[in-house]
Amino acid sequence: MTIYKNIVVLTGAGISAESGIKTFRGDDGLWEGHRIEDVATPQAFALNPKLVHEFYNLRRRQLKEVTPNVAHEALANFEKDFDGNFLIVTQNVDDLHERAGSQNLIHMHGELLKARHIETYEVIKCEEDLSVESKYRPHIVWFGEMPFQMNEIEKALRECDLFISIGTSGQVYPAAGFVQMVPSNCRKVEFNIDQTSISNLFDEHIIGSAVTSVEKFLKSL
Ligand code: OAD
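Peer 1: Can you lay out the pattern of salt bridges for me, pointing to particular residues and giving the numbers?
Peer 2: Side chains that differ in sign of charge can pair as their charged atoms come close. One pass over the full model with this rule turns up 9 salt bridges. Salt-bridge contacts for R61 lead to D129; the nearest nitrogen and oxygen are separated by 2.8 Å. Of the two residues, R61 sits in helix α4 (residues 49–62) while D129 sits in the loop between β7 (123–125) and β8 (136–140), which places them 68 residues apart along the sequence. D95 is paired through a salt bridge with R99; the nearest N and O atoms lie 3.0 Å apart. Using a relative accessible area of 38% as the deciding quantity, one classes R99 as partly exposed.

Have a look at this one:
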């Protein structure tokens, strides 16, 4: 059995890429000519709610066509057999971790399948399209807004002895700074198909797709 007692896994768009969900900064990084930073903001929603709803409606619909991949499943299976603390903090707004069976999971950037009342902040399930007539907005953390459950995340980071980052470009804070918030003796491992802007902050950088490398690594623990 593994020597680790407190494991935190940070995931980003790269883990869902092989399920068929496009990453944010891959290829030209644009959606119909718009940068993600120009669509995912409160200002964009105030100015052009139709465009912003359309962006998230498309993504919500796409969830019905995709399924979790081996990397999502390997994390869920590992958690089932692990008797320490295991937390996945995902920046992804898809539901592939929960569909794979992950239990202890924080969606720090929100969830496509939830909507939030514009005035009361009530959060409801949302499986269909939202329109400009709706009193609800996507339950998504936009640029300039505070990610969810930061206290819980920081506590887990302070206590963790293995920190794993999978498929994230390290360009969006605070998630990109998590690797610097763990104790100095914590083992830090990054999985990505490429170098990232924060690769140098990890002890190990495993190059390869999440599908081919994550399961193998978890089995080796
Ligand atoms: P990015 O699109 O910025 O980065 C995806 C990362 O995954 C890149 O570093 C790729 O090299 C890597 N990658 C691609 N395919 C992979 C694969 N098969 N296996 C492993 N790695 C792979 O996405 P994020 O880092 O998740 O925020 O982006 C962070 C946040 O920026 C998102 O949560 C979103 C976005 O704006 C909000 O919407 C608030």
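Having put the structure on the table, let's press on.
Peer 1: Any chance you could break down unusual backbone geometry for me, citing the residues and the numbers?
Peer 2: Here the bond from Y173 into P174 is cis, since omega is 10 degrees, no more than 30 degrees from zero. Note on placement: P174 falls in the loop between β9 (162–166) and β10 (187–192). The backbone phi angle of Y121 is positive, close to 65 degrees, even though this residue is not glycine. By the element assignment, Y121 lies in the loop between β6 (110–117) and β7. Positive phi outside glycine occurs at Q149, with the angle close to 55 degrees. On the secondary structure map, Q149 appears in the loop between β8 and α7 (150–159).

Peer 1: Just give me the short version of the sheet that holds strand β4 (residues 85–90), but keep the residues and values in it.
Peer 2: The 6 strands lie next to each other as β5-β4-β1-β9-β10-β11, forming an open sheet whose pairing is parallel. Strands with a single pairing partner mark the edges of an open sheet, and in this sheet they are β5 (105–107) and β11 (204–207). The mean angle between the axes of side-by-side strands here comes to 15 degrees, regardless of whether they run parallel or antiparallel. Sheet topology places strand β1 (residues 6–11) next to β4; 6 bridges connect them, and they run parallel.

Peer 1: Tell me what's going on with the pairing of β8, and back it up with residues and numbers.
Peer 2: Within β8, 5 of the 5 residues are buried, leaving the element largely enclosed by the surrounding structure. By the bridge criterion, 5 bridges tie β6 to β8 in an arrangement that is antiparallel. Looking across to β8, one finds that E111 is bridged to H139.

Peer 1: Can you lay out empty space enclosed by the protein for me, pointing to particular residues and giving the numbers?
Peer 2: Counted according to the given criterion, the structure contains 1 cavity of 30 Å³ or more. Roughly 30 Å³ of internal volume is contained in the largest cavity. Around the largest cavity, the lining residues are L10, F163, S165, T168, A175, A176, V179, I198 and F202. Residues of the lining of the largest cavity, tallied by class, amount to 7 nonpolar, 2 polar and no charged.

Conventions we followed
- Residues numbered from 1 in each chain as written.
- Predicted model: local features only at pLDDT ≥ 70, side-chain atom pairs only at ≥ 80, totals over all residues.
- Heavy atoms only, no water.
- Salt bridge = Lys/Arg side-chain N within 4 Å of Asp/Glu carboxyl O.
- Helix = DSSP H or I, 4+ residues; strand = E, 2+ residues; numbered from the N terminus.
- Buried < 20%, exposed > 50% of the residue type's maximum accessible area, 1.4 Å probe, protein only.
- Pairing = 2+ DSSP bridges.
- Axes fitted to C-alpha atoms, helices over the stretch in contact; angles between N-to-C directions.
- 1 Å grid on protein atoms, 1.4 Å probe; cavity = no way out; pocket = protein on both sides within 12 Å on 5 of 7 lines; lining within 4 Å.
- Points joined across faces, edges and corners; volume = space filled by probe spheres on them.
- Nonpolar A, V, L, I, M, F, W, Y, C, P; charged D, E, K, R; others polar.

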